[in-house]
Amino acid sequence: MEVPENEAEAPSAIESFEDMNLSKDIMMDIRHREYDKPSPIQAQAIPVILSGRDVLGCAETGSGKTAAFSIPMVQHCLNQPPLRQGDGPFAIVMAPTRELAQQIEAEGKTFSRSSKGFRTAIIVGGTNMYEQRSMLRGGVQIIVATPGRLLDHLQQGNTNLARVSFVVLDEADRMLDMGFEPQIREVLMNLPKRHQTLLFSATMPSEVEALASEYLNKPVKVKVGQTSAPTANVSQHLEKVVDGEKVNRLVAMLIGEKNEATKLGSDMPMTVVFVERKNRADEIAELLNAEGVPAAALHGGRSQAEREAALQDYKEGRCSVLVATDVAARGLDVKGVAHVVNMDLPRNFEDYVHRIGRTGRAGMSGRSTSFYTDRDSFIVAQIKRALMELEAGNAFAFATGKEARAKEREEAKAWREGRQHQAAVLETDSGVTIAVEDKFKHMMVSAPAAAGSAAPTAGVADAAWSDDDEDEDGW
Ligand SMILES: Nc1ncnc2c1ncn2[C@@H]1O[C@H](COP(=O)(O)OP(=O)(O)OP(=O)(O)O)[C@@H](O)[C@H]1O
Ligand SMILES: [Mg+2]
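If you're wondering where the values come from, they're calculated on a predicted model, not measured in any experiment. (Residues numbered from 1 in each chain as written. Chains lettered and ligands numbered in written order. Predicted model: local features only at pLDDT ≥ 70, side-chain atom pairs only at ≥ 80, totals over all residues.)

(A) Summary view of the sheet that holds strand β5 (residues 166-170). Judged by pairing direction, the sheet is parallel, and its seven strands sit side by side in the order β3-β4-β2-β5-β6-β1-β7 without closing on themselves. Both edges of this open sheet fall to β3 (120-123) and β7 (220-224), since each of them pairs with a single strand only. Taken over all neighbouring pairs, the strand axes of this sheet differ in orientation by 15° on average, direction set aside. (Pairing = 2+ DSSP bridges. Helix = DSSP H or I, 4+ residues; strand = E, 2+ residues; numbered from the N terminus. Axes fitted to C-alpha atoms, helices over the stretch in contact; angles between N-to-C directions.)

Structure below.
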C-alpha cells in the first residue's frame with residue numbers, strides 16, 4: 001500500500017468481514033453470498049475505502065475487485081441521509097462494457113438485498129431509454145453504467161449528480177483507452193465537492209495514474225500481488241501455427257476436447273475463444289456448431305439482446321464455447337471457464353493479461369492456449385518473458401497503456417523494417433519453438449527483475465477494434 005507523502009497512514013488490512021464494522025444487513029448478505037473471508041484486495045482496500053480515502057486499486061484478474069468496491073459502496077450509501085423526491089444517486093460505477101456493467105450491478109445487488117428500499121439502476125446502451133428513465137426518476141441509491149448512456153441521461157435531466165459522493169471507475173485504463181475520457185471527466189468535474197473516487201483494474205498504465213493525480217484526492221494506492229501481469233493461476237501455452245491453418249487447428253483441438261470429455265462421461269471444458277474481428281467470431285461460432293461443438297458468438301456487432309442471449313447460453317451450459325472479440329476480455333466472470341484460447345493474439349500485452357484472466361479466477365486454476373504466427377513475435381516475446389518471471393517467482397510489471405504502446409509501435413515498426421535480424425530460437429516448457437528476433441532478446445532474460453520494473457515495451461496497437469462502429473462498447 002502506498003500513501004502520498006506527508007499524508008496520514010491508511011488503515012491497515014482487515015482479514016475478516018466481521019471486523020470491518022459493516023452493517024448487519026451487509027454482513028447477512030456476505031454470508032448469503034458465501035464469502036467466508038475477504039480476498040487480499042478486499043482485506044486491504046475495504047478498510048481504506050470505508051475510511052473515506054480515494055483509492056487506486058490494482059490486483060490480478062479474478063481476485064475479487066468487484067466486491068472490494070461494492071461492499072464499502074453499499075455501506076457508504078446506507079450512511080447517507082435518505083433519498084428525497086428528485087434526488088440523484090449516492091454512488092456511480094462506470095465500466096467499459098454493457099455486460100460488465102450488468103455483472104457489477106448483479107454483484108453489487110447481492111450486498112444490498114437485505115437493505116430495505118435499496119435500489120440500483122443499470123444504465124447501459126443498446127437497451128430501452130424510457131424504462132431506464134423511469135427507474136432513475138423513481139430514485140436509486142446506486143447507478144452502474146457505461147459512460148455514454150449515463151451522460152445521455154444526465155443531459156436529459158433524468159438524474160443528477162447533486163448527491164453523488166462515491167464514484168468507481170472499473171477497468172479505468174480500458175475506459176480511457178476507448179476514448180471515454182471526456183465523458184468521465186464530465187462526470188468527475190461536476191461532482192459535489194465532498195466525494196470519494198476509486199479506480200480499479202488489473203493493469204494500471206501511466207495515463208490512469210495521470211488521471212488519478214488530476215481527479216483523485218491524495219489517493220491511496222492499493223496494489224496486491226502481481227499487477228499488470230498474467231495471473232499465476234493460468235497455465236499458459238503457446239502454439240505456432242501457419243496463418244491459414246488456424247481454423248483447422250482450432251476445430252481439431254476443440255473436437256478432440258469434446259471427444260475426450262465424452263469418453264470420460266463429462267461435459268466439454270468451458271472455453272472462451274478470442275478472435276480479432278467481429279465477423280471472424282460469427283464465422284468460427286457457425287463452423288463449430290456445424291462440427292457439433294455448440295458455440296455462441298459475442299461481439300459489438302450484435303444487438304444487445306443477441307449479446308445477452310449468447311452470454312446466457314454460455315453461462316447456463318447450452319453451449320461450451322464462447323467465441324468473442326475483446327468485448328469479453330475485461331472483467332467478465334463466468335463460473336467454470338477452464339480454457340481460454342487466443343485464436344488471434346491480441347495486439348497488446350494488457351489485453352492478453354485480461355483475456356487469459358477469464359479463467360483461473362477466485363483461486364481456481366485454468367489454462368490458456370495461444371496460437372501465434374511469425375507476425376506475433378513481439379507479443380510472444382512478452383508472453384515468454386512473463387512466463388519466465390512467473391516461473392522464477394519474480395515480481396514484475398510490463399509498461400502498459402497508450403504511451404507505452406506508442407513507443408512500442410515505433411519499435412515494432414523498426415523490427416518489421418529490419419526483418420533480416422538474426423532470430424534466436426528458444427524451446428518453451430511445452431516443447432514449442434519460438435523464434436525471437438535479436439531485438440527482443442533483452443526481454444527474454446531470466447535474471448530477477450526488480451519489483452515493479454517495467455519492460456521497455458508493451459502492447460502493439462490501439463487498432464485492435466478498428467472495425468468497430470461508433471457503438472459505445474462496440475468491439
Ligand atoms: N471473498 C470472496 N470469497 C470467495 N469468492 C470471492 C470473494 N470475492 C470475490 N469472489 C469471487 O471471485 C470471482 C472473481 O471476482 P471479480 O470478478 O470481482 O474479480 P476481479 O478482480 O474484478 O477480476 P477482473 O480483473 O477480471 O475484473 C467472482 O466469482 C467472485 O464471486
Ligand atoms: Mg473486475
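After that view of the structure, there is still more to cover.
(B) Inspection of the packing of helix α3 (residues 65-78) against helix α4 (residues 98-110) at higher detail. Two numbers describe how α3 lies on α4: the axes approach to 9 Å, and their chain directions differ by 50°. Accordingly, the angle class assigned to the pair α3 and α4 is oblique. Here α3 runs over α4; the crossing is right-handed. Facing α3, whose interface residues are Thr66, Ala67, Ser70, Met73 and Val74, α4 presents Ile104, Glu107 and Gly108. Among the residues forming the contact of α3 with α4, the class breakdown is four nonpolar, three polar and one charged. (Parallel < 35°, antiparallel > 145°, perpendicular 65-115°, else oblique. Left-handed = near helix turned anticlockwise from the far one by under 90°. Contact = placed C-beta atoms within 7 Å. Nonpolar A, V, L, I, M, F, W, Y, C, P; charged D, E, K, R; others polar.)

(C) Seen up close, the site of ligand 1. Taken together, 18 residues lie around ligand 1, and Thr61, Gly64, Lys65, Thr66 and Ala362 are the ones closest in. Here the element with the most residues in the shell around ligand 1 is α3; it accounts for three residues. Taken together, the residues of the shell around ligand 1 break down into six nonpolar, nine polar and three charged. Residues lining the shell around ligand 1 come from more than one domain, with at least three contributed by each of domain 1 (17-223) and domain 2 (234-400). (Near = placed C-beta within 6 Å. Domains from an automatic or database assignment.)

(D) Up close: unusual backbone geometry. Of note, Asn21 is a non-glycine position whose phi angle comes to about 65°, a positive value. Following the sequence through the fold, Asn21 ends up in the segment before α1 (24-33). Backbone geometry at Glu171 places phi at a positive 55°, although glycine is not the residue there. With respect to the helices, strands and loops of the structure, Glu171 is situated in the loop between β5 and α7 (172-177).

(E) Inspection of the nonpolar core at higher detail. Counting residues in each nonpolar core, the largest one holds 117 residues, and the members touching the most others are Val273, Leu322 and Val323. In terms of residue count, the dominant contributor to this core is α3 (seven residues). Inspection of this core shows a minimum of three residues originating in each of domain 1 (17-223) and domain 2 (234-400). (Core = buried A, V, L, I, M, F, W, Y, C linked by C-beta atoms within 7 Å. Buried ≥ 20, exposed ≤ 12 C-beta atoms within 10 Å, placed from the backbone.)

(F) Highlighting helix α8 (residues 181-189). Here α8 has its buried residues at Gln183, Ile184 and Val187. Here the buried residues of α8 occupy an arc of 100° about the axis, which is enough to place them on one side. Exposed side of α8, more than 90 degrees from the buried face: Pro182 and Met189 are the residues found there. Buried residues belonging to α8 abut β2 (91-94), α6 (147-155), β5 and α7. (Arc of directions from axis to C-beta.)

(G) Fine view of the sheet that holds strand β11 (residues 321-324). Taken together, six strands build an open sheet; the order of strands is β8-β13-β12-β9-β11-β10 and the sheet is parallel. Either end of the sheet is taken by a strand with one partner, and the two such strands are β8 (234-240) and β10 (295-298). Averaged over all adjacent pairs, the angle separating strand axes in this sheet is 20°, with direction ignored. Both strand β9 (residues 270-274) and β11 contribute to a ladder of four bridges, which runs parallel. For Phe274, the partnering residue across the bridge sits in β11 and is Ala324. Docked against the sheet, helix α12 (residues 304-315) engages β10 and β11, running at close to 140° with respect to β10.

(H) Layout of the confidence of the model for the protein chain. Across the protein chain, pLDDT averages 86, with 84% of residues at or above 70. Confidence over residues 419-474 falls short of pLDDT 50; this stretch has 125 contacts with residues more than four positions distant or in other chains. (pLDDT = per-residue confidence, 0-100.)

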